[in-house]
Structures are given as C-alpha cells and as structure tokens.
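Working through the structure, step by step
Now for the letters of each chain:
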Amino acid sequence: MKSRNEIVPPTGRLGVLLVGLGAVSTTFIAGVHAIRKSLASATGSLTQMGTIRLGKRTDGRSPMIRDFIPLASLDDLVFGGWDIFDDNCYEASRTAGVLEPALLDQLRPELEAVRPWPAVFDQKYVKRLMGPNLKTATNKRELADQVIADIRKFKVDNQLDRMVMVWCGSTEIFMTPQPVHQSLAAFEVGLEASDPAIPSSMIYAYAAIKEGLPYANAAPNLSADVPALTELAAQTESPLAGKDLKTGQTLIKTIVAPGLKARLLGIDGWFSTNILGNRDGEVLDDPESFKTKEESKKSVLDYILQPDLHPTLYDDLHHVVRINYYPPRGDNKEGWDNIDLVGWLDYPMQLKINFLCRDSILAAPLVLDLVLFLDLAKRAGMKGVQEWLSFYFKSPIHAPDLYPEHDLFIQLMKLKNTLRFLRGDELITHLGLEYYD
Ligand SMILES: NC(=O)c1ccc[n+]([C@@H]2O[C@H](COP(=O)([O-])OP(=O)(O)OC[C@H]3O[C@@H](n4cnc5c(N)ncnc54)[C@H](O)[C@@H]3O)[C@@H](O)[C@H]2O)c1
C-alpha cells in the first residue's frame, strides 16, 4: 500500500465494465448520466453525499468524502459491458422498468451508445435464462481471451486511463470451492479443459484480474472468491470486493439485528419473505440460483448475533428466508419480516417490518461507490480483498482465517477509518475521554 502522498491522482477517464446490463446496471448508468445533467440527485451514495469527521468533535471539521480523498469525477466515467441480450442500454432500461420513461428519454443518446458485447454464458449456471448475444469458443481459456480482447479494445477506443469491472449479471447456481479453484495453476489448466466448476462469472473475473483491473461482484455467486483468483489478484495488484450488494431486506436486517443484540434481547425466530417481479426474481425462482442467494442472506444473522458467545439468547434461532417471484410487482419488491423476540424474564415480544422498497434504486448508488472506491484502492496500491468495502455487501469477502464483519455501523467505521488512514489523518476510536479531562 502506498503512503498518503503516493495515491496516484485520478487523471483521465475511468472505464466502467459491467457484466450484465439488467436492472441494477442500467439504473446505475442512467443515474450517473442524470446526475451529470443535474436532472437528479445522488441520494444513497456515500462518495457523492457522505461526509467524514476529522479530528475532535470540537474541531468542527467534516468535509465531503469526495473533497477529502481523490476520487474519479462522474464526468470521467465511460460505460461498457456484456449481456446475453443485444438490447442497448436505453432499451434494456425500458425493459427493466425501474426508471420513468420520461427520464430515460432525456438520456436516450447517452444510453443508446452503450451496446453490450456478446457474453460468456452457459445456461448450466443460470437455468431460467437464455439469450442470443453469446460468444463461442472451443474452450473456456479462449472465452477468457475474448473478454480480455474486449477490455483492451474498450480502453483504446475510449482513450481510458483506468478501468474497473463489476459483475451485475444474474445469480448463478450454488457452487462450493473445488480443487480447480485452489491455485492459479490448477485454474488455468481448468480453463483449458473447460472444467465445469468454472462458471461464466469466474471467466470474466479471471479476465479482469489478469488485466490488473479492480473487480467487484454484486451478486452472491462465488466468482472471484476462490484462492486461485486471489492469488492472481496478488500478482496483478487487483483490488477485489464482493459479494452480493446489501440492499432491501438484508440491509434492514443488518441495521436492526446489531441493535437488538446490543440490548441483549433474545431472538427465537426471524421469518423473512419477499415478493419480487423483475428478471432477478425470475432467475431466483430456480431452486439452484435461490440456494446461492439463501446462503448469502442467511449467514448475516449468525455472524452478527454470535450465538457461540450468547447461546441462551440465539442458539435456537429459527431463521427462514423466502423469495417469491411475483411478476405484478416488477422491481418494486415488498419484504416482510417477523421477529420473535425475548426480553427480561423470557417474556416474548414481536416486531414486524414491512419494507416496500425499490431494489435497483437501493443498489445503483452502491455500484457507483464501489467503482470509485475500487479505483481509489488501485491508485493507492491496495491489492486483493478490500475488507473495508464490506459495508456494501451481504456476504463480505474476507481473509480465510477471519470471520466476516456484518454489522453495518462497524463496517462504516472501518470504511471511514480506511479513508483517514489513506490520507494520513488520525483514526477515530470514539473513546472521547479527552473531552472530560
Ligand atoms: N437489485 C438489487 O438490489 C440487488 C441486490 C443484491 C444483489 N443483486 C444481484 O445483482 C445481480 C443483478 O441484478 P439485477 O436486478 O440487475 O438482475 P437482472 O436480471 O435485471 O440483470 C442481470 C443481467 O445479467 C445478464 N446476464 C446474466 N448472465 C450473464 C453473463 N454470463 N454474461 C453477461 N450478462 C449476463 C442478464 O441477461 C440480465 O440482463 C443479480 O445477481 C442480483 O441477485 C441485486
């Protein structure tokens, strides 16, 4: 990692490579164009709206994060990507149905300019999806080479200085790490042999990391979260972040659960159910893709509540998560949570949460922040797993011998302290005894 004066400045243009031009990607791209044209605000984005306190509470210093740390400007972002459908970004945004047509029409030329390149795709890994815009090759190594060729061409065509890749593709089937994932050498043999344990998302991740690009995974599938690709990231100095954007019900869960635990209230059961009608919901209607999502959503409570430390409060917790595909709702998901709580002298209570959210409206600002922070990480010489970006994920990637940190407020403190550290500023511990000396 470089010291504070060595962060390379964000000069020139930053290419944003998106795998999958679906609801999240198109809402992100259209949003950036709308903000650039002052048609809308960047609500929900820490890089655009967040502040960071410096020094003592009495100092009154809380600059905007983007004024404190050198981040790429929204005007310097250039978008490109892949999808199995050949609709341009305007058409794909209309299909996604998240943003109003009146807004999209004002951004039409910019959105139409983003045309997806043919995708690396195999229906074996996403059962409910098929499209015409696909690459063909004799093996998976050739597919990776084609993705690398796309990345290089995008850079030259747009005279880019730097690039970042984000997987915003569909959730792939549940997979666990296999021998082919254990080392880079084994992985490269596996690419040549088209090993079935290498899904499409890993081919994109390999291509990005091989090129030294930062890579983030907005979905819960393994993708870059295997030893072979972290080994490659160490070699090429690529920062990595993932997995599964923390939006909707899980966002609320990671806000509420730390509060209940802080007060040492017991929880007997947490029943979560959702209705969702977008393409993501359709893909998750397949049990194998849902299993990947379910694992990602369920692990959150185990880590936050620490039942090993508090067996009487959380050992018998029944945690159930359901997603129901319900087309009338489109992207406007509705989530219900029923929490069976236990208080003083074991008296039971109930808490009900009904969240009528918009999935991609919550997700888009996270993609923007990840792009800008991963680019910062690369310019600051930070490589491999970026734990300080756990704030954005349901299943944060982490070093093998650590457990992940899921508490949103600890994650935010870690993120801001990382920024202070990068600028050589004093870390904030919230001890505060000096105010009373
Ligand atoms: N919307 C949210 O709030 C949210 C939150 C957390 C995670 N996610 C995850 O992010 C991902 C994207 O979500 P979405 O709502 O945009 O879904 P979506 O279905 O609207 O978009 C996914 C797009 O990826 C494309 N795609 C699938 N496989 C591909 C491949 N191999 N190569 C290129 N393109 C491919 C699909 O054709 C589709 O256009 C999903 O995995 C979802 O689970 C979304």
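Data block above holds the structure.
In this report, we go over the structure that sits alongside the text. (Residues numbered from 1 in each chain as written. Predicted model: local features only at pLDDT ≥ 70, side-chain atom pairs only at ≥ 80, totals over all residues. Heavy atoms only, no water.)

Points about the overall build of the protein chain
Threshold: Secondary structure elements are defined from DSSP: runs of H or I of at least 4 residues count as helices, runs of E of at least 2 residues count as strands, and each element is numbered from the N terminus. The size measure is the radius of gyration over C-alpha atoms, and the globule rule it meets is 2.2 Å times the number of residues to the 0.38 power. Exposure categories follow from relative accessible area, calculated using a 1.4 Å probe and restricted to protein chains: below 20% of the type maximum is buried, above 50% is exposed, and the middle band is partly exposed.
The helix and strand inventory of the protein chain stands at 16 helices and ten strands. Expected size for 437 residues packed as a compact globule is a radius of gyration near 22 Å; at 22 Å, the protein chain falls within 12% of this value. Reported as C-alpha extents along the three principal axes, the dimensions of the protein chain are approximately 65 × 50 × 50 Å. Across the 437 residues in the protein chain, those meeting the buried criterion constitute 55%.

A short note on the pattern of salt bridges
As a reminder, the rule being used: Note on definitions: salt bridges are taken to be side-chain nitrogens of Lys or Arg within 4 Å of carboxyl oxygens of Asp or Glu.
Tallied over the full model, the rule gives 21 salt bridges. The salt bridge involving K210 is made with E188; its shortest N-O contact spans 3.8 Å. Of this pair, K210 sits in helix α9 (residues 200–210) while E188 is found in helix α8 (residues 184–192), placing the two residues 22 residues apart along the sequence. Residue K210 is classed as partly exposed on the basis of its relative accessible area, which comes to 39%. Via salt bridges that share partners, D161, R162, D375 and R379 belong to a single interconnected network.

Structural notes on the sheet that holds strand β9 (residues 348–356)
Note: strands within a sheet are paired through backbone hydrogen bonds, in either parallel or antiparallel orientation. Note the following rule: Pairing between two strands is assigned when DSSP locates at least 2 bridges connecting them. Interaxial angle, 0 to 180 degrees, is taken between N-to-C directions of lines fitted to C-alpha atoms, where a helix line uses only the stretch in contact.
Taken together, four strands build an open sheet; the order of strands is β7-β6-β8-β9 and the sheet is mixed. Two strands bound the open sheet, and with one partner strand each, they are β7 (318–325) and β9. Between one strand axis and the next, the sheet turns by 10° as a mean value, whatever way the strands run. For strand β8 (residues 334–342) and β9, the ladder comprises nine bridges, and the chain directions are antiparallel. Directly across from D340, in β9, lies its bridge partner Q350.

A short note on a negative patch on the surface
Stated precisely, the cut-off is as follows: Residues forming no salt bridge and having over 30% relative accessible area are the ones grouped into patches, like charges within 9 Å of each other and nonpolar side chains (Val, Leu, Ile, Met, Phe, Trp, Tyr) within 5 Å. Computed by Shrake-Rupley with a 1.4 Å probe, the accessible areas treat only the displayed protein chains as cover when residues are assessed. Charged residues are defined here as Lys and Arg on the positive side and Asp and Glu on the negative side; His and the ends of the chain fall outside this count. Each charge is placed at NZ for Lys, CZ for Arg, CG for Asp and CD for Glu.
Taken together, the side chains of D268, D308, D315, D316 and D346 present a region of like negative charge at the surface. In this structure, D346 sits in the loop between β8 and β9. What makes D346 exposed here is its relative accessible area of 65%.

Quick look at the environment of L104
Quick note on the threshold: Contacts are assigned to residue pairs with any non-hydrogen atoms lying within 4.5 Å of each other.
Assignment of secondary structure puts L104 in helix α5 (residues 101–106). In sequence terms L104 and S93 are eleven residues apart; their C-alpha atoms lie 7.7 Å from each other. Residues contacting L104, with those up to four places away along its chain left out, are A30, Y90, S93, R94, L99 and L111.

A few points about the side chain of K394
Note that K394 resides in the loop between β10 (384–385) and α16 (408–422). Look at K394 and you get buried, because its relative accessible area is 3%. Residue contacts for K394: discarding those within four places in its chain leaves K243, D244, L245, K246, T247, T250, K293, S296, K297, V300 and H406.

A look at the site of the ligand
The criterion, for reference: The nearness test applies per residue and asks whether one of its heavy atoms lies within 4 Å of the molecule or strand. Here a polar contact is recorded for every N or O atom pair within 3.5 Å, except that within protein the pair must consist of a potential hydrogen donor and a potential acceptor, and residues adjacent in sequence are included only if both atoms are side-chain atoms. Classification used: nonpolar for Ala, Val, Leu, Ile, Met, Phe, Trp, Tyr, Cys and Pro, charged for Asp, Glu, Lys and Arg, polar for all others including Gly.
Not every one of the 33 residues close to the ligand is listed here, only the nearest: A23, V24, D83, V120 and G169. Side-chain polar atom of T247 to an oxygen atom of the ligand: 3.1 Å apart, as the coordinates give it. Interatomic distance of 3.0 Å between a side-chain N/O atom of D280 and an oxygen atom of the ligand. Surface burial for the ligand is 98%, taken as the share of its 830 Å² of free accessible area covered by protein chains. Elements with a minimum of two residues in the shell around the ligand: α1 (23–36), α9, α12 (279–284) and α15 (359–379). It is α15 that contributes the most residues to the shell around the ligand, three residues altogether. Tallied by class, residues from the shell around the ligand come to 18 nonpolar, eight polar and seven charged.

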